[in-house]
Amino acid sequence: MQFGIFTVGDVTPDPTTGRTPTEAERIQATVAIARKAEEVGLDVFATGEHHNPPFVPSSPTTLLAYIAAHTERIILSTSTTLITTNDPVKIAEDFSVLQHLSGGRTDVMLGRGNTGPVYPWFGQDIRQAIPLTVENYNLLRRLWREKAVDWEGKFRSALQGFTLTPRPLDDVPPYVWHASIRTPEIAELAAYFGDGFFANHIFWPASHTEQLVSLYRRRFAHYGHGTPEQAVVGLGGQVFMRANSQDAVREFRPYFDNAPVYGHGPSLEEFTRQTPLTVGSPAEVIEKTLGFREYVGDYQRQLFLIDHAGLPLKTVLEQLDLLGEEVVPVLRREFAKDRPEGTPAAPTHASRLRAREDATDDGDPEAR
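Residues numbered from 1 in each chain as written. Predicted model: local features only at pLDDT ≥ 70, side-chain atom pairs only at ≥ 80, totals over all residues. Heavy atoms only, no water.

Draft legend 1. Looking closely at the pairing of strand β13 (residues 301–305). Taken across its five residues, β13 has five buried, putting it largely inside the fold. Of the two faces of β13, both are covered, the one formed by Arg301, Leu303 and Leu305 as well as the one formed by Gln302 and Phe304. Here five bridges tie strand β1 (residues 2–7) to β13, and the two strands are oriented parallel to one another. In the strand pairing of β13, phenylalanine 3 is matched with glutamine 302. (Buried < 20%, exposed > 50% of the residue type's maximum accessible area, 1.4 Å probe, protein only. Helix = DSSP H or I, 4+ residues; strand = E, 2+ residues; numbered from the N terminus. Pairing = 2+ DSSP bridges.)

Printed below as a string of structure tokens:
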């Protein structure tokens, strides 16, 4: 399995001090967090994409390219690339460049976004979100796989003999995850193409995530990509830790109560009972995270949200120390126990390149 963190990049006042970081401070803090994630042994750093206040990651590939230059091993991903409002040609170009700059430490997580005003800002209609997603992703796949693309669709101008430059590194496109909070059509899209499915898993109860992942696994098998257990699944999660749970709850409560997404709603206790949010000791985080497997099966990637709601950088770096030293080593060991033979490993550029070479050696004309 891969373990890592994702950020939404919010610029939120610290409710305990009243201070709001500048945009520059928040961006630089994100870089520091990514570098720390690699230092403590995590596998993945991912950033969202937002084009509205109070968020700063409007250009994820720019941010990830800078982080790539300051890291050596960690996989750099988006936790949402807006397939609806970004032109698929530009997505294909940007991520191909990022692949080359990072030496293949790049994948992409596609999503629709959940901020309505963004659509008209980029000349699109939110009522067409699902058709946009399907059409744009079909074109994106072709751009990464075909040398000259002739294409005509509903939502952008036609292409004639278009060649993507640069080509994907080693002619292996970035691995694609399709991310969803609530939409079954996205699970269906991931299953149809045999791509990965990432369930956001931070706002809804376990039963909701179970339904989405189960749908994806069934449809993955229906389309002939393998057994349901061979489908590639990722989960989000949300944690705050201290050595003992009482300290964690006391420290995190003002941040939870004032968070821009769920503040002034359910209580911290209600939210932790009803969703995957874990506020407590490292042992409690381990116990709850291991429980995810009970309702989604063996999966490939676990990402945690740890840096939102105005938490100061010092606190976030302390969370990363706890993840790297006390939580992830135990999760790696426990998730590996009794993992059924044939369960796929988390995809990497190197593993996908090897798989293509093996398939080519076996005479598979579709290998790529």
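Draft legend 2. Focus on the environment of alanine 355. Relative to the assigned elements, alanine 355 resides in helix α13 (residues 349–361). Given the relative accessible area of 45%, alanine 355 is considered partly exposed. Each C-alpha atom of the pair alanine 355 and lysine 36 lies 31 Å from the other, and the pair is 319 residues apart in sequence.

Draft legend 3. Molecular detail of the packing of helix α1 (residues 23–39) against helix α2 (residues 60–69). Packing of α1 against α2 brings their axes to within 10 Å, and their N-to-C directions diverge by 45 degrees. Put simply, α1 runs oblique to α2. Classified by chirality, the crossing of α2 by α1 is right-handed. For the pair α1 and α2, contact is made by Ile27, Thr30, Val31 and Ala34 and by Leu63, Tyr66 and Ile67, respectively. Considered class by class, the residues forming the contact of α1 with α2 number six nonpolar, one polar and no charged. (Axes fitted to C-alpha atoms, helices over the stretch in contact; angles between N-to-C directions. Parallel < 35°, antiparallel > 145°, perpendicular 65-115°, else oblique. Left-handed = near helix turned anticlockwise from the far one by under 90°. Contact = heavy atoms within 4.5 Å. Nonpolar A, V, L, I, M, F, W, Y, C, P; charged D, E, K, R; others polar.)

Draft legend 4. Expanded view of the packing of aromatic side chains. For the structure shown, the criterion picks out 13 aromatic pairs. Look at tyrosine 192 and phenylalanine 193: their rings are 4.9 Å apart centre to centre, the planes differ by 90 degrees, and that puts the pair in the edge-to-face class. We classify tyrosine 192 as partly exposed; its relative accessible area is 47%. With relative accessibility at 16%, the residue phenylalanine 193 sits in the buried group. For the ring pair phenylalanine 197 and tyrosine 216, a centre distance of 5.4 Å and an interplane angle of 35 degrees mean the geometry is tilted. Highlighted residues: phenylalanine 197 in strand β9 (residues 196–199) and tyrosine 216 in helix α7 (residues 206–222), separated in sequence by 19 residues. Side by side, phenylalanine 197 and tyrosine 216 carry an identical accessibility label, which is buried. Through pairs of rings, three or more aromatic residues link up here, namely Tyr137, Tyr192, Phe193 and Tyr223. (Phe/Tyr/Trp six-rings, centres within 6.5 Å; stacked < 30°, edge-to-face > 60°.)

Draft legend 5. Looking closely at helix α8 (residues 245–258). Here α8 spans 20 Å end to end across 14 residues, near enough to the 20 Å set by a 1.5 Å rise per residue. A bend of about 40 degrees at phenylalanine 252 is the largest found in α8, and the proline proline 254 appears one to four places after it. Within the sequence span of α8, burial applies to Ala248, Phe252, Tyr255 and Phe256. Packing partners of the buried residues in α8 comprise β11 (239–241), α9 (268–274) and β12 (278–280). Among the residues of α8, the N-terminal cap falls to asparagine 244, whose side-chain oxygen and the backbone nitrogen of glutamine 246 are separated by 3.2 Å. (Expected span 1.5 Å × (residues − 1). Bend = angle between axes of the 7 residues up to and from the residue. Polar contact = N/O pair within 3.5 Å; in protein donor to acceptor, adjacent residues only side chain to side chain.)

No statement about biological role is implied by the geometric values presented.
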